[in-house]
Amino acid sequence: MGAGGAVLPARLRGWLEPVAALAALVVVVLGIRYAGAGGPGAMDTRIREAVEAPGTQWWHVATATNFLGEPLGAALLVGALVTGCVLLRCPRGAVLVVAGAGLTVGTTTLLKPLVGRTIHDGNLSYPSGHTAFLTAIALAVALLVAGRLRLGAAAGTLLVLTTALVAGAAMGWAQVVMDAHYPTDAVGGFCTALAVLPVTARLVDRIGDRIADRIRDRGAERATGRTAGTGQRERR
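Cut-offs applied
Residues numbered from 1 in each chain as written. Predicted model: local features only at pLDDT ≥ 70, side-chain atom pairs only at ≥ 80, totals over all residues. Heavy atoms only, no water. Helix = DSSP H or I, 4+ residues; strand = E, 2+ residues; numbered from the N terminus. Buried < 20%, exposed > 50% of the residue type's maximum accessible area, 1.4 Å probe, protein only. Contact = heavy atoms within 4.5 Å. Expected span 1.5 Å × (residues − 1). Arc of directions from axis to C-beta. Salt bridge = Lys/Arg side-chain N within 4 Å of Asp/Glu carboxyl O. Phe/Tyr/Trp six-rings, centres within 6.5 Å; stacked < 30°, edge-to-face > 60°. Lys NZ or Arg CZ within 6 Å of the ring centre and 35° of its normal.

Caption draft 1: Main features of the environment of A132. Mapping A132 onto the fold places it in helix α6 (residues 129–148). Of the residues examined, A132 reaches a relative accessible area of 0% and is grouped as buried. Taking the C-alpha atoms as reference, A132 lies 8.0 Å from G188; in sequence the two are 56 residues apart. Other than its neighbours up to four places away in sequence, A132 contacts T104, T108, G189 and A193.

Caption draft 2: Structural detail: unusual backbone geometry. The linkage connecting Y126 with the following residue, P127, adopts the cis geometry, with an omega of -5 degrees. Positionally, P127 belongs in the loop between β2 (123–124) and α6. Within the chain, R89 stands out as a residue other than glycine whose phi angle is a positive 55 degrees. Within the secondary structure, R89 sits in the loop between α4 (71–87) and α5 (91–115).

Caption draft 3: Fine view of α4. In this model, α4 (17 residues) spans 24 Å end to end at C-alpha, consistent with the 24 Å of a helix rising 1.5 Å per residue. For α4, every residue scored as buried is listed here: G73, A74, V78 and C85. Down the axis of α4, the smallest arc covering the buried residues is 125 degrees, so these residues share one side. In α4, the exposed residues that point more than 90 degrees away from the buried face are L72, L76, V86 and L87. Within two residues after α4, R89 carries a phi angle of roughly 55 degrees, on the positive side.

Caption draft 4: The arrangement of the pattern of salt bridges in detail. Taken as a whole and assessed by the stated rule, the structure comprises six salt bridges. Between R117 and D44 there is a salt bridge, and its shortest N-O distance comes to 2.7 Å. You can see R117 sitting in the loop between α5 and β1 (118–119) and its partner D44 sitting in helix α2 (residues 42–51), a full 73 residues away along the chain. Taken as a pair, R117 and D44 share a single burial class, namely buried. D185 serves as the salt-bridge partner of R117, at 3.0 Å between the closest nitrogen and oxygen. Of the two residues, R117 is situated in the loop between α5 and β1 and D185 in helix α8 (residues 183–235); the sequence distance between them amounts to 68 residues. For R117, a relative accessible area of 0% gives the class buried. Linked by salt bridges that have partners in common, D44, R117 and D185 make up one network.

Caption draft 5: Seen up close, the packing of aromatic side chains. Across all of its chains, the model carries one aromatic pair by this definition. Centroid distance W58 to W173: 6.0 Å. Interplanar angle 80 degrees. Geometry classified as edge-to-face. Here the residue W58 occupies a position in helix α3 (residues 56–67), and W173 occupies one in helix α7 (residues 153–177), the gap between them amounting to 115 residues. Assessed through its relative accessible area of 40%, W58 is described here as partly exposed. The ring of Y34 is capped by R33, whose NZ or CZ atom sits 4.5 Å from the centre of that ring. R117 extends its terminal NZ or CZ atom over the ring of Y34, reaching a point 4.0 Å from the ring centre.

Pasting the structure below:
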């Protein structure tokens, strides 16, 4: 984990950390607005009318997208990305994918009973865990690509946010089409990932840096010990 570059490069922190803070605010505001609600709001109704797509082919696309957020689909996706990180010798990237997705979904799981918004016979709905998961995965991958390509602050931030928006919009659309979530649930899930993933990446970097420092210190101590031993043998 100590090897490799930062998963959240310093040049991107100044852009992504304010975005994360704003996203957290949106999650809280929407959570308060829809706390205890058991139906769609006016915004949900308007968005649902705009995005609902009749036709069997679109239903198939929605269910295929939804599969990526189901336990089996999520496990396959995370496994493939972790394998890729290992092959590319990017242990921090592997940790970010697993920890980022896990903490993001865990956050949505904790928020649902706190907000208490329900859909379909009392199922907790806010925020959408499926949307949060795919957005978090997209953010993690985009951060790794931006770091590997050494993109500047503006280009890197644009890549990260655009990738997250595409993934979040795709999964959010699928959840609305399948009538599994209200549109604002999807917005809440998207913003949850935006709030959690950068913090997770910063934490991964801090732990990775500490491990790297310890490895360097041990290497230096061993080198010093070998040098001292060689000097003693020469004097004898």
